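Results of the structural survey
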Protein chains: 2
Amino acid sequence: MKNWYLATFSDLLVDIETHLHDFFKGRPQVAPLFWQMADYHFGWTDRRETGNGAPLRNVSGKRIRPLLVLLVARALSGRHEHVLPAALAIEIIHNFTLIHDDVMDESTERRHRQTLWVKWGTAQAINAGDGLYSLGMLAMLDLRDRVAPEAAIEAMGVLLKACVATVEGQMLDVGFEQRTDVTPEEYLTMIAGKSGALIQASTQLGALLSTDDRRVIDAYADFGLNLGLAFQIWDDYLGIWGEAESMGKSATSDIEGRKKSYPVLLAFQQADEALRAQLLEIYARKKLTRANIRTVFQALETVNSAQQTRELIEVYFQRALSALDSVGLDNEAQRQLRELALFLVERAY
Amino acid sequence: MKNWYLATFSDLLVDIETHLHDFFKGRPQVAPLFWQMADYHFGWTDRRETGNGAPLRNVSGKRIRPLLVLLVARALSGRHEHVLPAALAIEIIHNFTLIHDDVMDESTERRHRQTLWVKWGTAQAINAGDGLYSLGMLAMLDLRDRVAPEAAIEAMGVLLKACVATVEGQMLDVGFEQRTDVTPEEYLTMIAGKSGALIQASTQLGALLSTDDRRVIDAYADFGLNLGLAFQIWDDYLGIWGEAESMGKSATSDIEGRKKSYPVLLAFQQADEALRAQLLEIYARKKLTRANIRTVFQALETVNSAQQTRELIEVYFQRALSALDSVGLDNEAQRQLRELALFLVERAY
């Protein structure tokens, strides 16, 4: 499955990685630590370990967002060079959010390695994230050499609004931790920001920078948002019913982590009084016993949470495909977008 | 002294505050907490406490950076409306850095009130800072309605590079805490980023958006950088020899806080072996005794640190004034820039 991804998109992934790497290498450095932390986070420090300089190893991210930017541009214009700055910007900004999220969640591992705050302390991890955010926007400015300045400015507006939405989503998520009355609907609002906004911006920007047709731009934006939602809820699903090892996270499942993800919120909402009281008691604990975990799984089963969750993923996924198809294009990049969507929620590959 | 500032710049300060407030009010809100935290941080929550809605109270910042943007624009073009987006952007971004700095330094008070992380926790304070950064850049985008798009993009580049420099400076500063061998020269590199970059960007952007004359733009940039350095070292001076109360910080002096500011680094560098060993021992402690504090003050006196520090402030201050004068303008805004510079380092007012 991962091989399909690498094989299908190797040219674009190499292009992304090369430009990303070059963008960082070419800059003046005042605080060497910042660049060292960025190198480490992006998985470039250990490049020699892989021997072949291959762009995609298990210490890098999958570069899904920049790939979406490039594929949408290709589908609409047959080329992708003009949107590379937007692709880099989104990837860099996505990584800034990961670094800060790891600080907030006190996550000790990402992509099989220590997180930045564990290695360099909380303060420097906050700084590294802040610096990456600036670099991400600087990458975006390179659009000036590739599209009309008005288009570059409009694209920056789209990206910045997505950043605000991402942060607001993250704020809701942090707030949820203290609450016992979060509804599944509120959860969907939260992930639309936290997870959906940047993926939506990816497809929207790929389109915005390649066509003037507002209907088409909106369709790709719609595709991205719904894909982002399906992808996030699928991630939630795997966090409970998937294999921990395959996700590159520590083996602690989302239940042990008392994460109030969609499947769990369904149980909170739909369980009867007695069961809900039990769940509330369990989710107020600092650490769960094996018996607690068993109770949560039973509650999930009682409300048929797995099936409901799969159904909701399917709803968003079908909306994403409809939006994509509504563009009415038939070319290789457009077909690859469909395949990529299928891949991301592991529907078929 | 503060009255002089308020009286002289009241029209511009009201303009800044009104536009700043309106910029926040007019936006869609997904996570109400974010907007609440911003309101609190900018000092708008307690507006009713002052009774008169006055823009500048002791809970707000002084809005020095946006004021510099506007005054430079006025000096060059006789108007300031076209640079308002840049002025707002810099003020918002400056405040994002303050919020994150407070988290990193674990500062509990700012402008006589609790800091955001104390009130809402570290995670939400990080988020609030991240969100303000995005909003700052969004404010900057409003330049598109006031200047040519190419100029707006160039201005964004200047601002973003200043943001990177600010973060790198902050990273050096955080790194200094762990080190005992920081030189006064390294300290100056640090504050050139942490404190100088955004003040430099303020004067540079005011000019860049008002003239095409590169010599003039560079002169104002030079003015801003040197003013920023003089201002920061003056702040360090006051942190040791000033009155704590007048600064709106908690009454802990920089000596008690074991801050390695310029005057202290001079002592580290210039003290003899025995005294340096004593200082190293003191600065390795978690908490200083009265005797420790007395020793530090004696060391400062031994190397004549106060006078050396005042002399360096004077060097940067005179460089700032020379750069300002080199523009060769004589009008009210230009005179006000000189007076503002004098005010900021309390040379005369």
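Since this is a predicted model, take the numbers as computed values, not measurements.

This brings us to the confidence of the model for chain A. Residues and elements named next belong to chain A. With 92% of its residues at a pLDDT of 70 or more, chain A has an overall mean of 92. This stretch, residues 48-56, has a pLDDT under 50; its non-local contacts, to residues over four places away or in other chains, come to seven contacts. In the predicted complex, the global pTM is 0.94; the interface-specific ipTM is 0.93.

Rotating chain A by 180° and translating it 0.0 Å along the rotation axis places it on chain B, where the RMSD comes to 0.0 Å. Taken together, the rotation and translation relating the two chain copies correspond to the operation of a two-fold axis. The rotation axis passes nearest to the C-alpha of A:Pro149 in chain A, at a distance of 2.9 Å. Mapped onto chain B, 100% of the interface residues of chain A again fall at the interface, so both copies present the same surface.

Looking at soluble globular proteins, one finds that nonpolar side chains tend to be buried together. Counting residues in hydrophobic clusters, the biggest one holds 234 residues, and the most contacted among them are A:Ala86, A:Ala230, B:Ala86, B:Leu159 and B:Ala230. The residues touching A:Ala86, leaving out its near neighbours within four places in the chain, are A:Val69, A:Met140, A:Leu143, A:Ala155, A:Leu205 and A:Leu209.

Counting residues at the interface gives 39 residues for chain A, matched by 39 residues for chain B. Of all the secondary structure elements, the ones that give two or more residues to the side of chain A that touches chain B are helix H3 (32-42), helix H6 (84-105), helix H8 (122-141), helix H9 (149-176) and helix H10 (184-208) of chain A. Take the side of chain A that touches chain B: its biggest share by element is 17 residues, from H9(A).

Counted at 1.5 Å a residue, the expected span for H8(A) with its 20 residues is 28 Å, and the 29 Å between its end C-alpha atoms agrees. With 18 of its 20 residues buried, H8(A) lies for the most part within the structure.

All names here are of chain B. For helix H1 (residues 2-25), with 24 residues, the first-to-last C-alpha span of 28 Å runs short of the 34 Å given by 1.5 Å per residue. Largest kink in H1: about 80°, centred on Ser10. Within H1, the full set of buried residues consists of Tyr5, Phe9, Leu12, Leu13, Ile16, Glu17 and Leu20. Elements that come into contact with the buried residues of H1 comprise helix H4 (64-77), helix H5 (84-105) and helix H15 (332-344).

Reading the values: the criteria
Residues numbered from 1 in each chain as written. Chains lettered and ligands numbered in written order. Predicted model: local features only at pLDDT ≥ 70, side-chain atom pairs only at ≥ 80, totals over all residues. pLDDT = per-residue confidence, 0-100. Contact = placed C-beta atoms within 7 Å. Least-squares fit on C-alpha atoms with pLDDT ≥ 70 in both. Core = buried A, V, L, I, M, F, W, Y, C linked by C-beta atoms within 7 Å. Buried ≥ 20, exposed ≤ 12 C-beta atoms within 10 Å, placed from the backbone. Helix = DSSP H or I, 4+ residues; strand = E, 2+ residues; numbered from the N terminus. Expected span 1.5 Å × (residues − 1). Bend = angle between axes of the 7 residues up to and from the residue.

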